[in-house]
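So the chains spell out like this:
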Amino acid sequence: MSVDIRIRNAVKRYGDNTVIDGLSLDIREGEFFTLLGPSGCGKTTLLRMIAGFNSIEGGDFYFGNDRINDKDPAKRNIGMVFQNYAIFPNMTVRDNVAYGLKNRKVPKDEIQREVDKFLALMQIDQYRDRMPEHLSGGQQQRVALARALVIKPSVLLMDEPLSNLDAKLRVEMRSAIKEIQNSIGITTVYVTHDQEEAMAVSDRIAVMNEGVIQHIGRPRDLYQRPANLFVATFIGHTNIFDAELDAIGDKAEIVFSDGSRVEVSNVIPTERHKQRVKVSIRPEEFIISTDKDGSGIAATVDDCVFLGLNTHYFVHLDDGIRAEIVMESEIDREIEKGARITLTVKKEKINIFTEGGERNIVSGVRNDLEEVS
């Protein structure tokens, strides 16, 4: 049976080096929860603390109401899928999947029934008698997933499980993993540095940096209303501009370095005052006009790249700042290099951060981290 996971004030040290200091987190029963961040941010360290493979120097870890800090990993009832698959090379697919059940002294007829069930679920029943060396990377990963799930764990832990696969297979496998997790409903904690992968599979994501959780939320929350500048730049692509926020009464305007202005209506009331800000405008939030009399931010096209559905334009503003713009491709038309253009923005979508990038000052930011107590 799945459980919720609660972590309170977790601390992890390696000698004098503290890599996680006072981290708290709630993972809901049955959800697909991803720890996302750059290499060295602490996400795998935290996963291994949940698994029992790393020591815990402080704080409390709970599966439901069961405190697991001192519980042996073998008694935590977890399934684990590793980056390198870790399936046994001297066993057939069937024996690999049956391994955990045999260790638990499950009756033979039940082992056969459960192994058959999960081989079918993972669509690898036709390979049951093959040795791992005769399987593709994706097939080996399905074996590893079947072996982890057949023991009916309370929690499934996955550490960069797709990083050794090629790009096309990664897309196929992430769809398969999400479909299987949905059908079983098991609490899943997934670690990756791949933002697109995280957004494709997750119910919620925790973005980590230097051992600290920056933002917890649905993929939509993190992309559309990131809590701070780090999250904005880590999730997807964005253009960052230094600007000034100018406020007159209950109205606010962003003043860019070239003097152009954009009125914004969603700045938090307490932040509607004159201040230096960072403005995040994603490539698809620009609108290009080639009308010579158009108003907006003046720019020049440096290059364009046709990618089928969309065309990417690389431009520089008159003050030298560079930006990337994505527009839906048009039939037999693209804006040529050297063309003068003006840019307007979908102002309801842009994000505005304090000058140091610590927080987003537009309304609508949803950060579940604030609910952890």
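Residues numbered from 1 in each chain as written. Predicted model: local features only at pLDDT ≥ 70, side-chain atom pairs only at ≥ 80, totals over all residues. Heavy atoms only, no water.

Novice: Explanation requested: the packing of aromatic side chains in the structure shown.
Specialist: The description of two aromatic rings rests on the distance between their centres and on the angle between their planes. Evaluation of the coordinates by the stated rule reveals six aromatic pairs. Here the aromatic rings of F32 and Y190 are separated by 5.3 Å at their centres, their planes lie at 50°, and the arrangement is tilted. In this pair, F32 is assigned in strand β3 (residues 32-36) and Y190 in strand β8 (residues 187-192), connecting sequence segments 158 residues apart. You'll find F32 and Y190 in the same group, each marked buried. Ring centres of F88 and Y99 lie 4.7 Å apart, and the angle between their planes is 55°; this geometry places the pair in the tilted category. You can see F88 sitting in the loop between β6 (78-81) and α2 (93-103) and its partner Y99 sitting in helix α2, a full eleven residues away along the chain. The exposure class assigned to Y99 is partly exposed, which follows from its relative accessible area of 33%. Here a set of aromatic residues connected by ring pairs shows up, and it is made of F241, F256 and F286. (Phe/Tyr/Trp six-rings, centres within 6.5 Å; stacked < 30°, edge-to-face > 60°. Helix = DSSP H or I, 4+ residues; strand = E, 2+ residues; numbered from the N terminus. Buried < 20%, exposed > 50% of the residue type's maximum accessible area, 1.4 Å probe, protein only.)

Novice: When you look at the nonpolar core in this model, what are you seeing that I'm missing?
Specialist: Among soluble globular proteins, nonpolar side chains are generally buried collectively. The biggest cluster of nonpolar side chains holds 35 residues, and the ones touching the most others in it are M122, I124, L145, L149 and L156. For this core, the secondary-structure elements that each account for two or more residues are α2, α3 (108-121), α4 (137-149), β7 (155-159) and α5 (167-184). What I124 contacts, discounting residues up to four positions off in sequence, is V93, L119, Q139, R142, V143 and A146. Ranked by size, the runner-up nonpolar core spans 31 residues in total, among them V277, V279, C304 and V362. (Core = buried A, V, L, I, M, F, W, Y, C linked by side-chain atoms within 4.5 Å. Contact = heavy atoms within 4.5 Å.)

Novice: I tried to follow α5 on my own but got confused; where do I start?
Specialist: Each turn of an α-helix holds 3.6 residues, which means side chains three or four residues apart point in the same direction. Between the first and last C-alpha of α5 there are 26 Å, a value that for 18 residues agrees with the 26 Å anticipated at 1.5 Å per step. Looking at the buried positions of α5, the neighbouring elements they touch are β3, α3, α4, β7, β8 and α6 (195-201). If you check the start of α5, you find a side-chain oxygen 3.3 Å away from the backbone N of K168, and it comes from D166. Positive phi appears at G185, one or two residues downstream of α5, with a value of about 75°. (Expected span 1.5 Å × (residues − 1). Polar contact = N/O pair within 3.5 Å; in protein donor to acceptor, adjacent residues only side chain to side chain.)

Novice: Would you mind showing me how to read the packing of α2 against α4 here?
Specialist: Geometry of a packed helix pair, given as the angle between the helix axes and the separation of the axes. It is at 7 Å that the axes of α2 and α4 come closest, and there the two elements cross at 30°. Here α2 is positioned roughly parallel relative to α4, judged by the angle of their axes. Between α2 and α4 lies a crossing whose hand is right-handed. Contacts between α2 and α4 involve V93, N96 and V97 on the former and, on the latter, V143, A146 and R147. Class assignment for the residues of the contact of α2 with α4 results in four nonpolar, one polar and one charged. (Axes fitted to C-alpha atoms, helices over the stretch in contact; angles between N-to-C directions. Parallel < 35°, antiparallel > 145°, perpendicular 65-115°, else oblique. Left-handed = near helix turned anticlockwise from the far one by under 90°. Nonpolar A, V, L, I, M, F, W, Y, C, P; charged D, E, K, R; others polar.)

Novice: Explain unusual backbone geometry to me, please; I cannot follow it from the model alone.
Specialist: The phi torsion of most residues other than glycine is negative, and most of the peptide bonds are trans. Within the chain, Q123 stands out as a residue other than glycine whose phi angle is a positive 60°. Tracing the backbone shows Q123 in the loop between α3 and α4. Residue class for Q123 comes out exposed when judged on its relative accessible area of 53%. Non-glycine residue D332 carries a positive phi angle of around 55°. Secondary-structure assignment places D332 in the loop between β18 (322-328) and β19 (340-345).

Novice: For this particular structure, what's the right way to read the sheet that holds strand β4 (residues 58-63)?
Specialist: Pairing is antiparallel in the open sheet, where four strands are placed in the order β2-β1-β4-β5. The sheet is open, and its two edges are formed by β2 (17-27) and β5 (66-67), each paired on a single side. Across eight bridges, strand β1 (residues 5-14) lies against β2 in antiparallel orientation. Note on β2: the bridge partner recorded for K12 is I20. Where helix α1 (residues 43-51) meets the sheet, it contacts β1, β2 and β4, and its direction lies at approximately 115° from that of β1. (Pairing = 2+ DSSP bridges.)

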